[in-house]
Every structure is written in C-alpha cells, then in structure tokens.
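For reference, the chains in residue letters:
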Amino acid sequence: MAVVTSFLRCTTAAALALHHHHHQPALLAVRLRFPRHRIPTSRAMSSSPAADAAPAPAPHQAGPWYAVPDLSLRGHRFAVPLDHSSPGSPSAPRITVFGREVVAAGKEEAPLPYLVYLQGGPGYESPRPTEASGWVKKACEEYRVLLLDQRGTGLSTPLTTSSLSQITSAAEQVEYLKHFRADNIVKDAEFIRRHLVPDAKPWTILGQSYGGFCAVTYLSFAPEGLKAVLLTGGLPPLGKPCTAETVYRACFKQVQQQNEKYYKRFPQDIQVVHEVVRYLSESEGGGVLLPSGGRLTPKMLQCLGLWGLGFSGGFERLHYL
C-alpha cells in the first residue's frame with residue numbers, strides 16, 4: 001500500500017511539475033536540501049570529542065506563534081532521553097520530540113487545559129492543521145491542543161531507513177528500535193507534561209488507532225499524569241482470551257463482507273481486477289517495478305483494501321483508481 005501511495009504521489013507531483021513548467025516558465029528552480037540526521041547512540045557520542053564538550057541541549061524550546069485561518073499555532077521541541085531508564089546521566093544520548101500547540105485564534109494566553117493527540121500508525125506524524133475544521137476546531141473550543149510527533153516521526157528525531165543504516169549491526173539496530181515503542185512514547189509525554197503544563201497538572205489525551213494503544217499503555221504506566229482518556233478506533237486486545245489470532249479471525253469476516261459489498265456495487269471491476277492480477281503474476285519477478293523502487297505484486301494490490309474498503313468514500317476512490 002505504501003508503495004502504491006508513493007507511486008501516486010510521484011505521478012501527481014510530476015504532473016504538477018509539468019503543468020507549472022509549461023504555464024509558468026518564469027519560475028525559478030529551487031533545490032531542497034535535507035540534513036542527514038545522525039543517530040544519537042552512546043557509541044557515536046563517546047567517539048566524538050566535540051560531542052563530549054558540547055553543552056546539553058535545553059530540555060524545552062518554544063517557537064513563536066503563527067496563524068492559519070481561525071487558529072494560532074506554535075512549535076515545541078523537547079530534548080528527551082533516548083533511553084528513559086538512565087535519564088540523569090550527563091552522557092546519555094538525547095533525541096528531539098516535537099509537538100505543535102494549537103489554540104483558537106485570540107486564546108493564546110487563555111488558561112485552557114491541555115488535550116494531547118496521539119497519532120495512529122505507528123510511524124505517522126501528527127496532523128498539520130491548515131484551518132479551523134473537524135475535531136481540531138471542536139477541541140479548541142475547550143482545550144489547548146498539543147499535536148505530538150511521536151519519537152521517530154515528523155519533526156521529531158527521525159527513524160527512517162536512511163538514519164537506521166548508520167547502525168551496521170542487525171543486533172544493534174534491534175536494540176535501537178526498542179526505544180521507539182509505546183512505553184517510551186508514554187515516557188516522552190510525561191517528560192513533556194512536566195516541562196510544559198503549569199504545575200505539571202494531569203492532562204487529557206486523545207488516542208487515534210495506534211494512538212489508542214499508546215493511551216492504554218499510558219493508563220498502565222503513568223495514570224497519575226492523566227485527567228481523562230479519549231479513544232477512537234484504537235482499543236488493543238485486553239485479557240488472555242483476546243489474542244491477536246482472535247482479532248484477525250473477526251477481521252477476516254469483515255474483510256469478506258466489504259469485498260462482497262464492493263463487487264456488488266461495481267460488478268464491472270471483477271474482470272478488471274482479474275486482468276490486473278493475471279498481468280502482475282505473469283510479469284518478471286511476480287510484479288511490476290514502480291518509480292519508488294518497490295514492486296507492485298498481487299499481494300500489494302490487495303493491500304489497497306486497507307485504503308479503499310475501510311474508509312468513507314473508499315469504494316469510489318478504489319473504483320476510480
């Protein structure tokens with residue numbers, strides 16, 4: 001699914017680029033340069049004299065307010081320990097966790113309680129509001145919303161194929177990845193609460209999908225930091241009888257029903273899908289190479305169901321695709 005999405009984004013970007021090229025020849029080309037983020041491991045830090053001499057980063061830095069229609073926003077950067085089990089060590093590596101504070105326009109200094117949004121995924125950044133709309137608009141009537149880029153995502157210290165390639169040992173990669181689970185996302189949130197909230201008062205969290213898993217983990221690890229917990233579509237299996245296999249078996253029935261509903265609505269797509277799957281199966285390597293470097297296989301094609309069969313309007317989008 002990610003490969004197909006990447007392909008669609010690439011083709012859309014290419015079409016836009018061609019449109020601008022033909023209709024706006026006076027525009028200047030701009031080269032974007034993205035910095036290479038160095039993984040903050042203990043080994044990397046100890047091997048660099050400059051790193052040993054550098055002062056510790058400030059635990060919290062707040063940016064200036066800026067505006068989108070009917071909202072005021074500002075960014076916060078927090079220097080949190082990579083490993084929360086040894087937070088007090090001066091040589092302990094730290095990473096950045098970014099949060100975007102959002103309030104209704106004119107309420108920048110209002111004494112509003114905090115609502116922290118825990119994004120789904122895992123691996124996705126928090127929403128980037130462009131106007132006051134949807135749940136953000138509603139939440140800003142009563143809260144000061146904090147859109148958290150969980151560690152490894154968005155403007156937080158990234159966890160990507162490029163950054164992880166700096167660690168050559170598979171075992172060390174696994175050890176590093178262990179620091180990016182829900183338990184440390186919760187510990188990051190507690191670090192932020194103590195540095196951001198006046199008197200470190202408990203706050204409210206909203207967990208979406210995987211964010212709901214993080215919210216339940218928060219209830220287990222640090223309930224003292226919570227005033228209320230809101231969950232939307234993200235309650236993990238609870239109790240011994242509710243295993244992953246039980247959840248998947250229940251999901252299989254829903255997937256079958258959605259497929260039947262889709263083909264009943266668009267029966268002409270049955271032949272289209274059969275032809276596409278046959279073509280992909282008979283292609284060299286069992287699929288077709290995409291501009292992103294991935295390969296579109298029949299199994300990858302099936303993953304479109306995550307996008308097309310589980311969201312409102314998804315049937316139509318899948319049919320047009």
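Residues numbered from 1 in each chain as written. Predicted model: local features only at pLDDT ≥ 70, side-chain atom pairs only at ≥ 80, totals over all residues. Heavy atoms only, no water.

Let's shift gears to the side chain of Arg144. If you trace the backbone, Arg144 turns up in strand E6 (residues 144-149). With relative accessibility at 5%, the residue Arg144 sits in the buried group. Within the structure, Arg144 has its side chain in polar contact with the backbone oxygen of Glu108 (distance 3.1 Å). Other than its neighbours up to four places away in sequence, Arg144 contacts Trp65, Glu101, Val102, Val103, Lys107, Glu108, Glu109, Ala110, Leu112, Pro113, Tyr114 and Leu115. (Helix = DSSP H or I, 4+ residues; strand = E, 2+ residues; numbered from the N terminus. Buried < 20%, exposed > 50% of the residue type's maximum accessible area, 1.4 Å probe, protein only. Polar contact = N/O pair within 3.5 Å; in protein donor to acceptor, adjacent residues only side chain to side chain. Contact = heavy atoms within 4.5 Å.)

Our focus in this paragraph is the nonpolar core. Counting residues in hydrophobic clusters, the biggest one holds 30 residues, and the most contacted among them are Val116, Leu118, Ile192, Trp203, Ile205 and Tyr218. Residue assignment for this core shows that the elements contributing at least two residues are strand E3 (71-81), strand E4 (94-104), strand E5 (114-118), E6, helix H7 (182-196), strand E7 (203-208) and helix H8 (210-221). With 7 residues, H7 is the largest single contributor of residues to this core. In this structure Ile205 touches Leu115, Val116, Leu118, Ala215, Tyr218, Leu226, Ala228, Val229 and Leu230, once residues within four positions along its chain are discounted. Core analysis: the next-biggest nonpolar cluster, separate from the first, contains 14 residues, Leu115, Val145, Leu147 and Leu206 among them. (Core = buried A, V, L, I, M, F, W, Y, C linked by side-chain atoms within 4.5 Å.)

A cluster of nonpolar side chains, namely Leu231, Leu235 and Leu238, defines an oily patch on the protein surface of about 300 Å² accessible area. Tracing the chain through its elements places Leu231 in strand E8 (residues 226-232). (Patch = residues over 30% accessible without salt bridge, like charges linked within 9 Å, V, L, I, M, F, W, Y side chains within 5 Å. Areas by Shrake-Rupley, 256 points an atom, 1.4 Å probe, with all protein chains shown as cover. Salt bridge = Lys/Arg side-chain N within 4 Å of Asp/Glu carboxyl O.)

Remark: H7 packs on H8, axes separated minimally by 9 Å, with the N-to-C direction vectors making an angle of 70°. By the angle between their directions, the pair H7 and H8 is classed as roughly perpendicular. For the pair H7 and H8, the sense of crossing is right-handed. In this structure, H7 uses Ala182, Asp183, Ile185, Val186, Ala189, Glu190 and Arg193 to contact H8, whose residues at the interface are Tyr210, Cys214, Thr217, Tyr218 and Phe221. For the contact of H7 with H8, the residue count by class is 8 nonpolar, 1 polar and 3 charged. (Axes fitted to C-alpha atoms, helices over the stretch in contact; angles between N-to-C directions. Parallel < 35°, antiparallel > 145°, perpendicular 65-115°, else oblique. Left-handed = near helix turned anticlockwise from the far one by under 90°. Nonpolar A, V, L, I, M, F, W, Y, C, P; charged D, E, K, R; others polar.)

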